[in-house]
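Remarks on the overall topology
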Amino acid sequence: MKINKLTIRGYQYAYLDLGQGIPWLFIHGFPLNHRMWLPVAERMQGAVRAIVPDLRGFGQSEASPGIVTMADFADDLAGLLDALGIRQPAIICGLSMGGYIAFEFWFRHRERVAGLVLCDTRAAADTPEMAQHRQATAERVLQEGPAFLAEAMLPRLIGPATFHQQPELAQQLRQQIESANPAGVAAAARGMAQRRDMQPALSQITCPSLVLVGSQDVISPPAEMRAMAEAIPKARFVEIPDAGHIAPLENPGLVTAAFLEFLDQVASAGEK
């Protein structure tokens, strides 16, 4: 597939633009890239226009030093939609850090959101201890590179069933993490440490919403995500069996089915 590139807010962004239909923006997690969404995006391109970017500092997109906040990422993505001539509201779909960015996109650009998909993510801000850990991660990745992150994160990113039944996925994720740009990883880690607490705003999210989680997710557990869904007025909750924190990569068939059902819900809401 051809990777396209555009300059967005002063930085070169790499992205895929697949299919036709309502725009569906896929936002990847940390410290991954657009490839984590490919199994789902490829399945959905017959029903939506799938926009699948590498975030600033990840994959083939240009990095910026220092800190990139969730607001920076959200505004980058709004600029990408502008550059692509997409004016109609889009479905904004994010996983993990991508979910933090999706929340921020809704907060800053809610008139552009036709639907919100929150996968394996959290509404709460970091605790002081977690924020300090992210700052330490940023310093270490600049000194050593990202290989240590693969060792630390892989056992928590995918569920035990995936680890045993699909060992090639673990290897794919390892490659994504080890090839990540240290400057981009550090900037995003610092940005996550500063993100806003979205819990007080959940009741204000009135667009159609889907909250999806892997049943074996230990980072954003199903109970926490179910409570998030219950706090969002129009949210539907879906739990994907035998999947961990990267549910769309671990079980793309079931996730795609849930996404297509949600697409029908968004279309019905638009007709009212």
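A brief report on the enclosed structure follows.

What counts and what doesn't
- Residues numbered from 1 in each chain as written.
- Predicted model: local features only at pLDDT ≥ 70, side-chain atom pairs only at ≥ 80, totals over all residues.
- Heavy atoms only, no water.
- Pairing = 2+ DSSP bridges.
- Helix = DSSP H or I, 4+ residues; strand = E, 2+ residues; numbered from the N terminus.
- Axes fitted to C-alpha atoms, helices over the stretch in contact; angles between N-to-C directions.
- Contact = heavy atoms within 4.5 Å.
- Phe/Tyr/Trp six-rings, centres within 6.5 Å; stacked < 30°, edge-to-face > 60°.
- Buried < 20%, exposed > 50% of the residue type's maximum accessible area, 1.4 Å probe, protein only.
- Lys NZ or Arg CZ within 6 Å of the ring centre and 35° of its normal.
- Salt bridge = Lys/Arg side-chain N within 4 Å of Asp/Glu carboxyl O.
- Core = buried A, V, L, I, M, F, W, Y, C linked by side-chain atoms within 4.5 Å.
- Expected span 1.5 Å × (residues − 1).

Further remarks concern the pairing of strand β1 (residues 4-8). Both β1 and strand β2 (residues 11-18) contribute to a ladder of five bridges, which runs antiparallel. Bridging across to β2, Asn4 finds its partner in Tyr15. The turn joining β1 and β2, which pair antiparallel and follow one another in sequence, is formed by two residues; a positive phi near 50 degrees is taken by Arg9.

Ordered in space as β1-β2-β4-β3-β5-β6-β7-β8, the eight strands form an open sheet in which the pairing is mixed. Edge positions in the sheet fall to β1 and β8 (235-240), since each of these pairs with one other strand and no more. Going across the sheet, the axis of each strand differs from the next one's by a mean of 25 degrees, ignoring polarity. Looking at chain direction, β2 and strand β4 (residues 48-53) are connected through four bridges and run antiparallel. Paired with Tyr15 across the two strands is Pro53, which belongs to β4. In the packing of helix α2 (residues 70-83) onto the sheet, contacts are made with β1, β2, β3 (22-27), β4 and β5 (90-95), and the angle to β1 comes to roughly 115 degrees.

Evaluation of the coordinates by the stated rule reveals seven aromatic pairs. Ring centres 6.5 Å apart and planes at 85 degrees place the aromatic pair Trp24 and Phe262 in the edge-to-face group. On the criterion of sequence distance, the pair formed by Trp24 in strand β3 and Phe262 in helix α11 (residues 252-271) is long-range, its members being 238 residues apart. Summarising the burial analysis for this pair, Trp24 and Phe262 share the class buried. By the ring-pair criterion, three or more aromatic residues cluster together here, those being Trp24, Phe26, Trp37, Phe259 and Phe262. In this arrangement the basic side chain of Arg110 is found over the ring face of Trp106, its NZ or CZ atom lying 4.0 Å from the centre. Here Arg110 stacks its cationic end above the ring of Phe107, 5.8 Å away from the centre of that ring.

Our next topic: the pattern of salt bridges. Here the structure, examined in full by the defined rule, presents 16 salt bridges. A salt bridge links Asp76 to Arg56; the shortest N-O distance between them is 3.0 Å. One end of the pair, Asp76, is in helix α2; the other, Arg56, is in the loop between β4 and α2, with 20 residues separating them in the sequence. Each member of the pair Asp76 and Arg56 is classed as buried. Two residues, Arg112 and Asp82, come together in a salt bridge whose shortest N-O distance is 2.9 Å. On the criterion of sequence distance, the pair formed by Arg112 in the loop between α3 (97-109) and β6 (113-119) and Asp82 in helix α2 is long-range, its members being 30 residues apart. Residues participating in the shared-partner salt-bridge network are Asp75, Glu104, Arg108 and Arg196.

With that out of the way, let us pick up unusual backbone geometry. Here the bond from Phe30 into Pro31 is cis, since omega is -10 degrees, no more than 30 degrees from zero. The topology assignment puts Pro31 in the loop between β3 and α1 (38-44). With a phi angle near 50 degrees, Arg9 is a residue other than glycine that sits in the positive phi range. With respect to the secondary-structure elements, Arg9 resides in the loop between β1 and β2. Take Arg9: its relative accessible area is 44%, and that puts it in the partly exposed class. Unlike most non-glycine residues, Ser96 shows phi in positive territory, near 55 degrees. Within the secondary structure, Ser96 is located in the loop between β5 and α3.

Our next topic: the nonpolar core. Grouped together as the largest cluster of nonpolar side chains are 99 residues, with contacts concentrated most on Trp24, Phe26, Trp37, Phe73, Met97 and Phe259. Every residue in contact with Phe26, bar those within four places of it in the chain, is listed here: Trp37, Val40, Ala41, Met44, Ala50, Ile51, Val52, Pro53, Cys93 and Phe259.

The terminal C-alpha atoms of α2 lie 20 Å apart, and with 14 residues this matches the ideal 20 Å at 1.5 Å per residue to within 8%. Burial analysis of α2 places 11 of its 14 residues in the buried class, which makes it a mostly covered element. Where α2 is concerned, the buried positions are Met70, Ala71, Phe73, Ala74, Asp75, Asp76, Leu77, Ala78, Gly79, Leu80 and Leu81. In the segment just after α2, Gly85 is the residue with positive phi, at about 75 degrees.

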